[in-house]
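Each chain is listed here by its residues.
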Amino acid sequence: MSLAPHQILTIAIELLLLLVGAWMLARVLSLPESRAVVFGRYRISHWSISGHEAVLLALAIVLCGMIGQGLAIRVFGDMVANATDRAGLEVILHGMGFHATALLGWPLFYFFRRRMQQDYGTEPPRFTREHRLEPRALLKRSFTTLLLALPALTLASLGWTALLRALGFSDAPQDLIAIFGKVESPAVLIAMLFVACVVAPLNEELLFRGVIFRFCRQRFGRGIALVVSGMMFGALHGNLAGFVPLALLGVALAIAYEQSGDIRVPIITHGFFNLNTTLVILAGIPGT
């Protein structure tokens, strides 16, 4: 099967990213000082939050998202149902409805937390500002994290897919991935990219790394925090074929957050990962 020029270019870029990432990962794992930089630093500030408060915050985020998604479907559902790019518009509607409104869970939690504690005559803990990287360092750290993660994610995906096939389970990708390749309207495609690469990573990283990993890291230690937040992240997407690679991605994002102390690093890395995946799909490379 012959490939179009843009497909050859995409494959070449992906191979280059994998080779550079594999070289960087091998260097990190082989040099003690590099391992210490990537795996040995903990820059996340202490978070004054109890176990039941962390659960309430996570519930507030999820419930706000579910309510927002339900309202969006109720208001715009009929309009979307009759549109040409119905599948793509439904992705936008569901994604914006959930992820954008889920962000409201944060201010709501802190507002009611303050009110409740003031009612009991106590002073609520102050919000702790995180370590903040400069813009250039932020982008460099985020892209480096992506490069380091890609080889491991690729190997994990190949191995997990082979295992699923050997056991007779479905290895079909998420429906969302197939939808990206079928959208006809450029405006709809751009909106889908915005949801997938900006809004969804923002909400998911604040929840899985900013709440679940951060709390578990303080309460139960690093190993449990990495496994719990990673597995929950993989399970969230509801696709068996993507569970192990996405869980591993969650672990990589948590390590990047832990090492940098800046939640924007996993957010931007997550956006880069989704953008890279989407561009490969749009290139129409056989087997993707």
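The structure we're discussing is the one just above.
The paragraphs below set out a description of the structure included in this document. Sequence order sets the numbering: in each chain, residues are counted from 1 along the sequence as written. This being a predicted model, a pLDDT of at least 70 is required before a residue's local features are given, and a value of 80 or more before pairs of side-chain atoms are given or counted; all residues contribute to the totals for chains, interfaces and linings. To obtain the side-chain values, all non-hydrogen atoms of the structure were included, while hydrogens and water were left out.

1. Things to note about the nonpolar core
We define the nonpolar core as a collection of buried residues of types Ala, Val, Leu, Ile, Met, Phe, Trp, Tyr and Cys that are connected through side-chain atoms lying within 4.5 Å of one another. Relative accessible area decides the class of each residue, using a 1.4 Å probe on protein chains only: under 20% of the type maximum gives buried, over 50% gives exposed, and in between gives partly exposed. Leu57, Ile61, Phe213, Leu249 and Phe273 are the most contacted members of the largest nonpolar core, which has 39 residues in total. It is helix 8 (residues 186–220) that contributes the most residues to this core, eight residues altogether. Ignoring anything within four residues of it in the chain, the contact list for Phe273 reads Leu146, Leu150, Leu153, Leu246 and Leu249. In this structure, Val91, Ile179, Val183 and Leu193 belong to the second largest nonpolar core, which totals twelve residues. Where helices and strands are cited, they refer to DSSP runs of H or I of at least four residues and of E of at least two residues respectively, numbered from the N terminus. Pairs of residues are marked as contacts when any of their non-hydrogen atoms sit within 4.5 Å.

2. Some words on the pattern of salt bridges
Salt bridge criterion: a side-chain nitrogen from Lys or Arg within 4 Å of a carboxyl oxygen from Asp or Glu. Within this structure, the stated rule accounts for six salt bridges. Between Arg222 and Glu258 there is a salt bridge, and its shortest N-O distance comes to 2.8 Å. Residue Arg222 is found in helix 9 (residues 222–236), and its partner Glu258 is found in helix 10 (residues 243–260); the two are separated by 36 residues along the sequence. Using a relative accessible area of 26% as the deciding quantity, one classes Arg222 as partly exposed. The buried category is assigned to Glu258, whose relative accessible area is 1%.

3. Looking at helix 6 (residues 135–167)
Between its first and last C-alpha, helix 6 extends 46 Å over 33 residues, near the 48 Å set by a 1.5 Å rise per residue. At Ala149, helix 6 shows its largest bend, some 30 degrees, and a proline, Pro151, comes one to four positions later. For a helix, the expected span equals 1.5 Å multiplied by the residue count minus one. Here the bend at a residue is taken as the angle between two axes, fitted respectively to the seven residues that end there and the seven that start there.

4. Describing helix 1 (residues 5–30)
Here helix 1 spans 37 Å end to end across 26 residues, near enough to the 38 Å set by a 1.5 Å rise per residue. Residues of helix 1 that are buried: Gln7, Thr10, Glu14, Leu17, Gly21, Met24 and Val28.

5. Thoughts on the environment of Ile61
Summarising the element assignment, Ile61 is placed in helix 3 (residues 51–81). For the pair Ile61 and Thr101, spaced 40 residues apart in the sequence, the C-alpha separation amounts to 8.2 Å. Those residues in contact with Ile61 that lie beyond four places of it in its chain are Ala102, Gly105, Trp106, Asn203, Leu207 and Val211.

6. Observations regarding the packing of aromatic side chains
Ring geometry is summarised as follows: Phe, Tyr and Trp rings, the Trp one being its six-membered ring, pair when their centres sit within 6.5 Å, and such pairs are stacked at plane angles under 30 degrees, edge-to-face over 60 and tilted between the two. As enumerated under the stated definition, the model contains seven aromatic pairs in all. Seen from their ring centres, Phe109 and Tyr110 are 5.3 Å apart, and the 75 degrees between their planes marks the pair as edge-to-face. Note on Phe109: relative accessible area 9%, which makes it buried. Every member of this aromatic cluster is reached through a ring pair, and the members are Trp106, Phe109 and Tyr110. Counted as over-ring charges are cases with an Arg CZ or a Lys NZ within 6 Å of the ring centre that also lie within 35 degrees of the ring normal. The ring centre of Phe233 lies 4.6 Å from the NZ or CZ of Arg209, which sits over that ring.

7. Things to note about the side chain of His270
Summarising the element assignment, His270 is placed in helix 11 (residues 264–282). On the basis of relative accessibility, which here comes to 2%, the residue His270 falls in the buried class. For His270, the contacting residues outside a window of four places in its chain are Pro201, Glu204, Glu205, Phe233 and Leu253.

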